[in-house]
Amino acid sequence: KSTDDVISALIKALESDNINVRSNAASALGILGKSSDDVISALIMALGDEQWNVRSRAADALGILGKSSDDVISALIKALADEQWNVRSYAAYALSRLGGKIHDVKPVMDTLVDMINDEKNKKAVDDIFSALDSLSAYLPTNQQDNQEIG
């Protein structure tokens, strides 16, 4: 099979009734590294899956693929508010991977800073700080000096 056939099958697998099939399909799409519009759209849709492990793997795959369209950034920022800490953690990590490709990192960083003191983010705080550290490198110099965390 061609890579395109495999990718089509994986996108279709994101709609499976089986949670393991969906989560593994999301991971595989990230590993294959083809960031076509169809793949990105399918992974953004998977961020809305009912199962947290599918959502977290979709967030991770989006970070791996490195395509920082407005839709991807919006979807990952929305995932920062997910009910499951794992999803929030992977979304933060994905955003840190996209750092240099994000047009304006300041609003993303502001969202991450707001998350730090929220008790529900206790388990994701390491990834939040890591994302802030990575993203701070992409602030314009004058903003980097003025950025306060916490």
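Structure first, text after, so check above.
These lines cover the structure that appears in this document, whether it is placed above or below. (Residues numbered from 1 in each chain as written. Predicted model: local features only at pLDDT ≥ 70, side-chain atom pairs only at ≥ 80, totals over all residues. Heavy atoms only, no water.)

## Focus on the packing of helix α7 (residues 105–116) against helix α8 (residues 125–136)
- It is at 10 Å that the axes of α7 and α8 come closest, and there the two elements cross at 155°. Taken together, the axis directions place α7 and α8 in an arrangement best described as roughly antiparallel. In the packing of α7 onto α8, the handedness of the crossing is left-handed. Residues Val 105, Val 108, Met 109, Leu 112, Val 113, Met 115 and Ile 116 of α7 form the contact with α8, whose participating residues are Val 125, Ile 128, Phe 129, Ala 131, Leu 132, Leu 135 and Ser 136.
- Classifying every residue of the contact of α7 with α8 gives 13 nonpolar, 1 polar and no charged. (Axes fitted to C-alpha atoms, helices over the stretch in contact; angles between N-to-C directions. Helix = DSSP H or I, 4+ residues; strand = E, 2+ residues; numbered from the N terminus. Parallel < 35°, antiparallel > 145°, perpendicular 65-115°, else oblique. Left-handed = near helix turned anticlockwise from the far one by under 90°. Contact = heavy atoms within 4.5 Å. Nonpolar A, V, L, I, M, F, W, Y, C, P; charged D, E, K, R; others polar.)

## What to know about helix α6 (residues 85–97)
- Its 13 residues give α6 an end-to-end C-alpha distance of 18 Å, which sits within 8% of 18 Å, the value for a rise of 1.5 Å per residue.
- Along α6, the residues that are buried comprise Asn 86, Val 87, Arg 88, Ser 89, Ala 91, Ala 92, Ala 94, Leu 95 and Ser 96.
- Where α6 is buried, its residues meet α4 (52–65), α5 (70–79), α7 and α8. (Expected span 1.5 Å × (residues − 1). Buried < 20%, exposed > 50% of the residue type's maximum accessible area, 1.4 Å probe, protein only.)

## Thoughts on the pattern of salt bridges
- The full count for this structure, using the stated rule, is 7 salt bridges.
- The partner of Asp 4 in a salt bridge is Lys 34, and the shortest N-O contact between them spans 3.8 Å. With Asp 4 in helix α1 (residues 3–13) and Lys 34 in the loop between α2 (19–32) and α3 (37–46), this residue pair connects regions lying 30 residues apart in the sequence.
- Its relative accessible area of 38% is what places Lys 34 among the partly exposed residues.
- Among the salt bridges present, the one from Arg 97 reaches Asp 60, with a minimum N-O distance of 3.1 Å. A residue pair is termed long-range when its members are at least 10 positions apart, and Arg 97 in helix α6 and Asp 60 in helix α4 qualify at 37 residues.
- For Arg 97, a relative accessible area of 33% corresponds to the partly exposed category. (Salt bridge = Lys/Arg side-chain N within 4 Å of Asp/Glu carboxyl O.)

## Notes on the layout of surface pockets
- Each pocket or cavity is described by its volume, and for the largest pocket that value is around 200 Å³.
- Looking at the largest pocket, the residues that line it are Ile 44, Leu 47, Gly 48, Arg 55, Ser 74, Ala 75, Lys 78, Ala 79, Ala 81, Asp 82 and Val 87.
- For the lining of the largest pocket, a count of residues per class yields 6 nonpolar, 2 polar and 3 charged. (1 Å grid on protein atoms, 1.4 Å probe; cavity = no way out; pocket = protein on both sides within 12 Å on 5 of 7 lines; lining within 4 Å. Points joined across faces, edges and corners; volume = space filled by probe spheres on them.)

## Focus: the side chain of Ser 56
- Relative to the helices and strands, Ser 56 is located in helix α4.
- Exposure remark for Ser 56: the relative accessible area of 4% places this residue in the buried category.
- Excluding anything up to four places from it in sequence, Ser 56 contacts Asn 86, Val 87 and Tyr 90.

## Describing the environment of Asn 24
- Assignment of secondary structure puts Asn 24 in helix α2.
- For Asn 24, a relative accessible area of 43% puts it in the partly exposed group.
- Linking Asn 24 and Ile 44, residues 20 residues apart in sequence, is a C-alpha distance of 15 Å.

## Considering the nonpolar core
- Counting residues in each nonpolar core, the largest one holds 46 residues, and the members touching the most others are Leu 29, Leu 43, Leu 47, Leu 76, Ile 102, Leu 112 and Ile 128.
- Broken down by element, this core gets its largest block of residues, 7 residues, from α7.
- Setting aside residues up to four positions removed in sequence, Leu 29 forms contacts with Ile 7, Leu 10, Ile 11, Leu 14, Lys 34, Val 39, Leu 43 and Leu 65. (Core = buried A, V, L, I, M, F, W, Y, C linked by side-chain atoms within 4.5 Å.)

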